[in-house]
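In case you want the letters, here they are:
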Amino acid sequence: MLARIRERKDQDGFTLIELLVVMIIIGILAAIAIPIFLNQRKSAHDSAIKSDLRSAATEVESWYVNNQAYPATNAKFKSLPIKTSPGVSLTYTLTSDHYCILGANADASHSWVYKSADGGLQGGSVTTC
C-alpha cells in the first residue's frame, strides 16, 4: 500500500478532492460577489437618473431666464438640449405654479422625481409627479 502511495506522488495532475475544494472556494466567492455587484448596479442606475434630473432642471431654469416662463409642454421640454444617460427617460409636467420632472430607467424599476415646488429631488421609486 505504501509503495502505491509513493508511486502516486510522482504522477502529475489533481485529485478529485482537490478539484472539489477549488470548486467550493469559487462558489463561496461567487456567493459573496454577486449580491455586491447587483447593489452596485442599482446605485449606478439611481446616480444616472439623479444626475439627468439635475441637468434637466438646470435647462428648464435656463429656459425660464430666457423666456420668463417655463416650457409649456413636454414637447417643448424635449426640444431642450438635455443629454440623458442610456436607458433613462424623463417626463416633464407643468402646473400653474411649478414644474415636475419624472426620471426612470428603461424597465421602470428605479425612478426619481424633481419637483420645483418642493425644492428638488424626491427619493426613490416615485411613479407620478
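None of these values were measured; they are calculated from a predicted model. (Residues numbered from 1 in each chain as written. Predicted model: local features only at pLDDT ≥ 70, side-chain atom pairs only at ≥ 80, totals over all residues. Heavy atoms only, no water.)

Draft legend 1. Representation of the sheet that holds strand β2 (residues 99–105). Pairing within the open sheet is antiparallel, and its four strands lie in the order β1-β2-β3-β4. In this open sheet, the two edge strands, each paired with only one partner strand, are β1 (88–94) and β4 (120–122). On average, each strand axis in the sheet is inclined to that of its neighbour by 20°, with strand direction left out of account. When β1 meets β2, the two strands line up antiparallel, connected through seven bridges. Within the sheet, the bridge partner assigned to Leu94 lies in β2 and is Tyr99. (Pairing = 2+ DSSP bridges. Helix = DSSP H or I, 4+ residues; strand = E, 2+ residues; numbered from the N terminus. Axes fitted to C-alpha atoms, helices over the stretch in contact; angles between N-to-C directions.)

Draft legend 2. Geometry of the confidence of the model for the chain. The share of residues in the chain with pLDDT of 70 or more is 88%, and the mean pLDDT across the chain is 83. By mean pLDDT, helix α1 (residues 2–9) is the weakest element of the chain at 59, and helix α2 (residues 16–67) is the strongest at 90. (pLDDT = per-residue confidence, 0-100.)

Draft legend 3. Layout of the pairing of strand β3 (residues 111–115). Counting buried positions over the five residues of β3 gives four, a clear majority of the element. Pairing analysis gives five bridges linking β2 to β3, with the strands arranged antiparallel. Paired with Ala104 across the strands is Ser111, a residue of β3. The pairing of β3 with β4 spans three bridges and is antiparallel. Directly across from Lys115, in β4, lies its bridge partner Gly120. In sequence, β3 turns back onto β4 through a hairpin of four residues, with Gly119 there showing a positive phi of about 90°. (Buried < 20%, exposed > 50% of the residue type's maximum accessible area, 1.4 Å probe, protein only.)

Draft legend 4. Examining the UniProt feature "transmembrane region" (unreviewed entry) in the chain more closely. The sites that UniProt annotates as "transmembrane region" (unreviewed entry) are residues 12–38. Helix makes up 85% of residues 12–38 and strand 0%, whereas the separation of the span's terminal C-alpha atoms amounts to 40 Å. (UniProt positions renumbered as here; feature names shortened; annotations may be inferred.)

Draft legend 5. Structural detail: a nonpolar patch on the surface. A cluster of nonpolar side chains, Leu16, Ile17, Leu20, Val21, Ile25 and Leu29, forms an exposed patch at the surface whose accessible area comes to about 600 Å². Residue placement: Ile17 occurs in helix α2. When its relative accessible area of 59% is taken as the criterion, Ile17 is described as exposed. (Patch = residues over 30% accessible without salt bridge, like charges linked within 9 Å, V, L, I, M, F, W, Y side chains within 5 Å. Areas by Shrake-Rupley, 256 points an atom, 1.4 Å probe, with all protein chains shown as cover. Salt bridge = Lys/Arg side-chain N within 4 Å of Asp/Glu carboxyl O.)

Draft legend 6. Representation of unusual backbone geometry. At Gln68, a residue that is not glycine, the phi angle is positive and equals roughly 55°. With respect to the helices, strands and loops of the structure, Gln68 is situated in the loop between α2 and α3 (74–78).

Draft legend 7. Molecular detail of the nonpolar core. Core analysis: the largest hydrophobic core is formed by 15 residues, its most contacted members being Leu53, Val60, Phe77, Leu90, Tyr99 and Ile101. At the level of elements, α2, β1, β2 and β3 are the ones that each hand at least two residues to this core. Ignoring sequence-local partners within four residues, the contact set of Ile101 consists of Leu53, Ala56, Ala57, Val60, Phe77, Leu90, Thr91, Tyr92, Trp112, Val113, Tyr114 and Cys129. (Core = buried A, V, L, I, M, F, W, Y, C linked by side-chain atoms within 4.5 Å. Contact = heavy atoms within 4.5 Å.)

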